[in-house]
Amino acid sequence: MAIKIPQEVITLLSELSCESVAEELGIKVQRHRALCFMHDDHNPSLFFYGKNREHWNCFVCNKNGNAINLVIESTGLCFVDSCLWLCNKFGIHIDNNFSSIKKIGKLHVKKRKESNEVKQFSTYVAKWIIDNNSLTETGRDFLFGKRFFNKKVIEDLNIISIDNSSILVDKLLKHFDSNKLQNSGFITNTNGQLYLRFFTPCLLFPYYDVEGNLVGMQSRYLGDNTDAPRFQFLSSQKTRLFNLPIINRIEYGDDLYISEGITDCLALLSDGKNAVAIPSATILPTNDLYELKNYRLHMYPDQDDAGERAINTLKRFFINHYTILKEESLQKGIKDYCDQYIIAHKNDIK
Amino acid sequence: MSYSTDDLFVDIQNHINNQDDTSDSKILSRDFMHKLKVLQFIFYSCESMKNYWNDIDSLRKEVLRSLEENEQLFGYTFFLSLNKNFDYNWNYLRKQMYEYADFISYACIFISYVVEDIIAIIDFSRKNNKYHFVFNEVLDIEIINGASPSINAIINWNNFSELNNVKGGYYLSAKIGSITVLATHREYNASLNKFLCQITELETSNC
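On to the pattern of salt bridges, then. In the structure shown here, the tally under the stated rule is 18 salt bridges over all chains. For Asp 102 of chain B, the salt bridge is made with Lys 167 of chain B, and the minimal N-O distance between the two is 3.5 Å. Placement of the pair is Asp 102 of chain B in helix H6 (residues 90-127) and Lys 167 of chain B in the loop between strand S3 (150-155) and strand S4 (169-176), with a sequence separation of 65 residues. Judged by relative accessible area, Asp 102 of chain B falls into the buried class, the value being 12%. A network of salt bridges, in which partner residues are shared, links Asp 302, Asp 304, Lys 335 and Asp 336 of chain A.

Moving on: the interface of chain A and chain B. The interface of chain A with chain B comprises 12 residues on the first partner and 13 residues on the second. For the pair chain A and chain B, the number of links is 0 salt bridges. The interface formed by chain A and chain B contains 4 residue pairs in polar contact (both at pLDDT 80 or more). When residues of the side of chain A that touches chain B are traced back to their parent elements, those giving at least two are helix H13 (305-319) and strand S14 (325-327) of chain A. Ranked by residue count, the leading element in the side of chain A that touches chain B is H13 of chain A, at 4 residues. Of the residues contributing to the side of chain A that touches chain B, the split by class is 4 nonpolar, 3 polar and 5 charged.

Residue and element names in this part refer to chain A. Running from N to C, helix H3 (residues 67-75) and helix H4 (residues 79-90) point in directions that differ by 115 degrees, and their axes come no closer than 9 Å. The element H3 and its partner H4 pack so that their crossing is right-handed. Only Phe 79, Ser 82, Cys 83, Trp 85 and Leu 86 of H4 make contact with H3, whose side of the interface consists of Ala 67, Ile 68, Val 71 and Ile 72. Among the residues forming the contact of H3 with H4, the class breakdown is 8 nonpolar, 1 polar and no charged.

The next thing to look at is the sheet that holds strand S8 (residues 202-208) of chain A. Residues and elements named next belong to chain A. Across the sheet, 4 strands lie side by side as S5-S8-S9-S10; this open sheet has antiparallel pairing. Each of the sheet's edge strands pairs with one partner strand only, and the pair in question is strand S5 (160-162) and strand S10 (231-233). Each strand axis lies, on average, 30 degrees off the axis of its neighbour in the sheet, ignoring direction. With 7 bridges connecting them, S8 and strand S9 (residues 214-221) associate as antiparallel partners. Of the residues in S9, the one forming a bridge with Cys 202 is Tyr 221.

Thresholds, definitions, all that
Residues numbered from 1 in each chain as written. Chains lettered and ligands numbered in written order. Predicted model: local features only at pLDDT ≥ 70, side-chain atom pairs only at ≥ 80, totals over all residues. Heavy atoms only, no water. Salt bridge = Lys/Arg side-chain N within 4 Å of Asp/Glu carboxyl O. Helix = DSSP H or I, 4+ residues; strand = E, 2+ residues; numbered from the N terminus. Buried < 20%, exposed > 50% of the residue type's maximum accessible area, 1.4 Å probe, protein only. Contact = heavy atoms within 4.5 Å. Polar contact = N/O pair within 3.5 Å; in protein donor to acceptor, adjacent residues only side chain to side chain. Nonpolar A, V, L, I, M, F, W, Y, C, P; charged D, E, K, R; others polar. Axes fitted to C-alpha atoms, helices over the stretch in contact; angles between N-to-C directions. Left-handed = near helix turned anticlockwise from the far one by under 90°. Pairing = 2+ DSSP bridges.

So, in structure tokens, the structure goes:
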């Protein structure tokens with residue numbers, strides 16, 4: 001006998017908080033974001049938005065929906081079973097005939113597809129973006145107006161900003177074939193329309209390997225949308241160290257600072273220190289980190305639990321490679337190196 | 001005040017960090033970085049086995065299970081036995097795995113007891129902080145009293161092999177400078193209180 005879920009029940013279910021549903025499914029949610037279960041995600045791409053967080057979206061997979069879709073996509077259940085499970089979990093009354101027809105047991109989120117395929121990162125498209133854009137007023141305000149970073153440091157790192165993604169996409173389409181763009185890692189196709197993967201306005205930070213080859217890109221969102229992720233990485237980018245080519249300019253035994261996150265790295269560089277950045281302490285770019293073992297390594301960890309975990313993980317890694325990572329202390333009450341830098345330089349400017 | 005194995009390892013590293021590269025302790029000790037790696041391994045093993053600290057047999061069983069599941073390590077024993085200059089045969093090297101399990105287990109127990117002892121010493125040092133305490137000639141602990149006590153934890157890298165001599169317990173000395181005031185063989189499952197009281201009694205009788 002076919003089961004039809006009443007419209008009023010569907011309406012109620014679609015208003016449920018997707019964060020609550022995610023947690024019931026065993027998906028860990030932090031700051032309204034989670035690792036996406038649909039692709040090999042390492043930096044949370046799944047985010048929840050709306051007044052009651054009743055919507056979800058993965059900006060990598062380009063899939064989105066409400067609580068019902070979330071259950072369908074994550075478990076593989078059909079529409080009806082998903083609704084029945086949600087009703088049961090969240091105490092939404094449904095006709096007793098329905099609940100007696102089918103009992104949905106414990107659900108398991110489908111295993112994330114581990115991608116062994118090395119997706120191409122189009123250096124041609126990346127290089128074109130860098131060569132044909134520069135820092136906009138928004139980018140300059142963030143880097144120089146608010147953070148007082150050294151202009152030459154920013155210039156040497158080829159950091160640019162993009163204010164309007166549509167304008168960039170139009171320009172790209174004039175230079176590149178649409179299919180090539182969609183395979184570049186930068187562009188996504190939603191309902192026949194091409195979009196830039198990065199939320200704008202944003203800064204773009206190019207990643208280079210030790211030979212100076214462009215190997216990845218990261219963005220830092222500069223807008224007001226609180227639902228937009230602050231940092232984004234292209235799905236095709238392997239986790240790498242930021243500013244790795246610096247080791248070509250220093251000698252073995254020289255001081256080198258490691259930061260967690262690019263803004264701290266920019267502050268260190270602006271302070272005249274040699275520095276590289278790990279994008280996140282949850283995934284270590286071990287191949288790149290291994291290249292650092294012959295230098296005198298230092299780190300100013302963030303003064304929070306995540307910072308403590310980061311430095312302990314890195315210390316452990318380097319001890320295993322017979323190198324000490326020296327822990328440096330921030331001034332009391334300061335959260336991270338960038339804050340310390342801003343305070344010092346704000347006073348200089350005054 | 002609470003204190004953990006993680007805290008102790010951080011304090012050991014802090015002392016290392018505060019030494020410059022020409023420091024005598026580093027120069028004198030060959031293989032310093034290699035020993036530090038072994039020490040790190042022991043501390044992380046200890047922390048991961050904390051549920052077994054009170055039961056040496058279960059701890060040893062767990063360590064042995066983990067070693068037996070380590071395919072790389074087993075392959076390494078075979079590789080070593082291929083070396084003609086190496087006098088030991090494969091059978092011997094395989095049997096050494098059981099000795100290795102003992103080494104790891106007792107090193108973990110030792111570290112767990114050191115941490116407990118440090119907590120007791122912190123309390124003791126609030127009234128009397130003339131002393132520093134040396135554990136099995138390999139770890140030297142000094143409490144620096146302040147608003148929140150801090151620990152100076154120094155490894156004597158030249159005596160690093162003493163970590164293999166902690167099966168039935170370990171030697172603990174209370175020192176003022178280089179002079180040993182009192183020493184004891186600290187057994188597992190015994191309390192440190194008697195030793196600390198004896199130090200106090202010695203002080204009183206000397207007054």
